[in-house]
Amino acid sequence: MANIKTKGIVIRQRDYGEADRMLTIFTEEHGIIKAAAHGARRTRSKQSAASQFLCFGEFMLYRGGGDVANVNSVSPIDSFYPIQEDISKLALGTYFADVLYHILDSANPDAALLRLFLNTLYALAYKNIPLEKIKTVFEWRAMSLGGFMPQLGVCAQCGKANAGARFRIRSGAVLCSQCGSRSDSRLDELMLLIMRYAICADDKKLFSFRAPDEVIKRVSELSERYASYHLEHEFESLRYYKRLQDINGFVKGADGDEKAGQV
Ligand SMILES: [Zn+2]
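Each value, and the rule that gives it
- Residues numbered from 1 in each chain as written.
- Predicted model: local features only at pLDDT ≥ 70, side-chain atom pairs only at ≥ 80, totals over all residues.
- Pairing = 2+ DSSP bridges.
- Helix = DSSP H or I, 4+ residues; strand = E, 2+ residues; numbered from the N terminus.
- Axes fitted to C-alpha atoms, helices over the stretch in contact; angles between N-to-C directions.
- Contact = placed C-beta atoms within 7 Å.
- Core = buried A, V, L, I, M, F, W, Y, C linked by C-beta atoms within 7 Å.
- Buried ≥ 20, exposed ≤ 12 C-beta atoms within 10 Å, placed from the backbone.
- Domains from an automatic or database assignment.
- Nonpolar A, V, L, I, M, F, W, Y, C, P; charged D, E, K, R; others polar.

Visitor: Sorry if this is basic, but what is going on with the sheet that holds strand β5 (residues 68-78) here?
Guide: Sheet strands pair by backbone hydrogen bonding; their relative direction is either parallel or antiparallel. In spatial order, the strands read β1-β2-β3-β5-β4; together these 5 strands close into a barrel with mixed pairing. Across the sheet, the mean angle separating the axes of adjacent strands is 50° when strand polarity is ignored. When strand β1 (residues 2-16) meets strand β4 (residues 56-63), the two strands line up antiparallel, connected through 8 bridges. Bridge pairing links Thr 6 to Phe 59 in β4. Most of the contacts of helix α3 (residues 87-103) go to β1, to which it runs at about 120°, and overall it touches β1 and β2 (20-27).

Set out below in structure tokens:
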């Protein structure tokens, strides 16, 4: 039985009882902790805002004998509020949290993954960066930090340098044009460059590169398949995000047609 003081971020929340909330908190020093915030849904509760999804704060927890800790208090540091206000951003944030949840074992602190998650949410909330770019950088980086780093050097089969004509999701390896097969995904030089950048770039420069939207989209399709395959999970939150993107695209397209019609 112990009191725990730790920084952490809420990666899942579930309401239960009359006014209580069950939180899954990704903490700096203790990895994932499940904690009950009693009375958190009462409007006058101090914990109400601080115990919400994606709230990053300093938690005072009490851990008795069981698996679930109790939240004694929370001092919020950042709630990434603009994410809560934008349905596409919130869907993407939910997906990122899901990916983390599947990568992390409980009670396994991972400072690099936590830093990545916070940097990614910061970009999503406060920077004007295309969502697909944030998504694919997060996916490659999180997978690499989580022990699924793809091999993006020489051809995995024949060792030829400057390979990178194909990418094999299963083995996470690049292959040259001779060794790759039709079932492998096509890669071009720029796609490979983006993947390497996402994995190796300095934390602070994670999203500071330029590439055409069309190329980023192809890299992003690859990274989501890679994550899903190796984490052995179909992410419902990703499907939901993609549905929203399709609807956004449709609405934008329909606007364009109307304008063209008026000319
Ligand atoms: Zn080869």
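Visitor: Explain the nonpolar core here, please?
Guide: The nonpolar side chains of soluble globular proteins are, as a tendency, buried together. Among the nonpolar cores identified, the biggest contains 66 residues, and Ile 9, Leu 100 and Val 174 are the most heavily contacted of them. In terms of residue count, α3 provides more of this core than any other element does, 8 residues in total. Two domains each provide a minimum of three residues to this core, namely domain 1 (2-81) and domain 2 (82-255). The residues touching Leu 100, leaving out its near neighbours within four places in the chain, are Ile 11, Phe 26, Leu 113, Phe 117 and Ala 142.

Visitor: Would you mind showing me how to read the sheet that holds strand β6 (residues 166-168) here?
Guide: Across the sheet, 3 strands lie side by side as β7-β6-β8; this open sheet has antiparallel pairing. Each edge of the open sheet carries a strand with a single partner, namely β7 (173-175) and β8 (185-186). Note that β6 and β8 share 2 bridges and pair antiparallel. Bridging across to β8, Phe 167 finds its partner in Ser 185.

Visitor: Any chance you could explain the domain arrangement of the protein chain here in plain terms?
Guide: Interface size is often expressed as the accessible area that is lost when the parts come together. Parsing the protein chain into structural domains produces domain 1 (2-81) and domain 2 (82-255). Taking the mean C-alpha position of each, domain 1 and domain 2 sit 29 Å from one another. At the level of secondary structure, the elements contributing two or more residues to the side of domain 1 that touches domain 2 comprise β1 and β3 (31-37). In terms of residues, the side of domain 1 that touches domain 2 owes the most to one element, β1, which gives 3 residues. The class makeup of the residues in the side of domain 1 that touches domain 2 is 8 nonpolar, 2 polar and 3 charged.

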